[in-house]
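Read off the chains here:
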Amino acid sequence: PGLKGVADVAAAMGKIAAAMASYVSRGDDSGTQSREKQLCKAAGIVPDGEWYLEAGRGMGELIVMAGERQGYTLSDRGTYIAYAEKTPLQIVSEGDKRLFNPYGVIMVNPARHKHVKVDLAKAFLDCLSSNQAKQLITGFRKGGKQLFYIAE
């Protein structure tokens, strides 16, 4: 449906639905499917019908399945890069801020949860926020492509 380079991912989802092009969803109430539902709502579409398949599979299997069906799916960059050799799928839309998928770590409040091992939790947080950890995270590559980014 002419999606290559469409920066607005909701518009891309709308074009997929309008063309009734094969789309494979995780169908597992994951964060990825939750984001997909938000994008469909933003596009004013209802993800339903013969074009839309809820696979109930993990991200890697989903990428392979969407490729086999010559369809589309929503994936995180890291898993896509890891599975790129197992699928003909190509990235057609990227860069939209709605695709940002942050991960975070917070320490449980020890005043509310007495069992928390504060020293270990603090050491873990310090480790993850260290320059060495940031270099390891941003330096992790597969096929020469960076899988993860640090939000500053």
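Above this text is the structure in question.
The structure reproduced in this document is the subject of the present report. Everything numeric here is computed off the predicted structure, so don't read it as measured data. (Residues numbered from 1 in each chain as written. Predicted model: local features only at pLDDT ≥ 70, side-chain atom pairs only at ≥ 80, totals over all residues. Heavy atoms only, no water.)

1. Section: the packing of aromatic side chains
- Tallied over the full model, the rule gives four aromatic pairs.
- Every member of this aromatic cluster is reached through a ring pair, and the members are Y23, W51 and Y52.
- Positioned above the aromatic ring of Y83, the side-chain terminus of K86 is 4.6 Å from the ring centre. (Phe/Tyr/Trp six-rings, centres within 6.5 Å; stacked < 30°, edge-to-face > 60°. Lys NZ or Arg CZ within 6 Å of the ring centre and 35° of its normal.)

2. As for the pattern of salt bridges
- One pass over the structure, following the stated rule, counts six salt bridges.
- R77 serves as the salt-bridge partner of E94, at 2.6 Å between the closest nitrogen and oxygen. Of the two residues, E94 sits in the loop between helix 4 (77–83) and helix 5 (118–128) while R77 sits in helix 4, which places them 17 residues apart along the sequence.
- For R77, a relative accessible area of 34% puts it in the partly exposed group. (Salt bridge = Lys/Arg side-chain N within 4 Å of Asp/Glu carboxyl O. Helix = DSSP H or I, 4+ residues; strand = E, 2+ residues; numbered from the N terminus. Buried < 20%, exposed > 50% of the residue type's maximum accessible area, 1.4 Å probe, protein only.)

3. Concerning the nonpolar core
- Ranked by size, the top nonpolar core spans 16 residues in total, and within it M13, I16, Y23, I45, W51 and Y72 carry the most contacts.
- Looking at this core, the elements with two or more residues in it are helix 1 (9–19) and helix 2 (31–43).
- Sorting elements by how many residues they give to this core places helix 1 first, with five residues.
- Sequence-distant contacts of I45, that is, excluding residues within four places in its chain, are made with M13, G14, A17, C40 and W51.
- Within the second largest apolar cluster, 11 residues are counted, among which are A55, M59, A66 and L147. (Core = buried A, V, L, I, M, F, W, Y, C linked by side-chain atoms within 4.5 Å. Contact = heavy atoms within 4.5 Å.)

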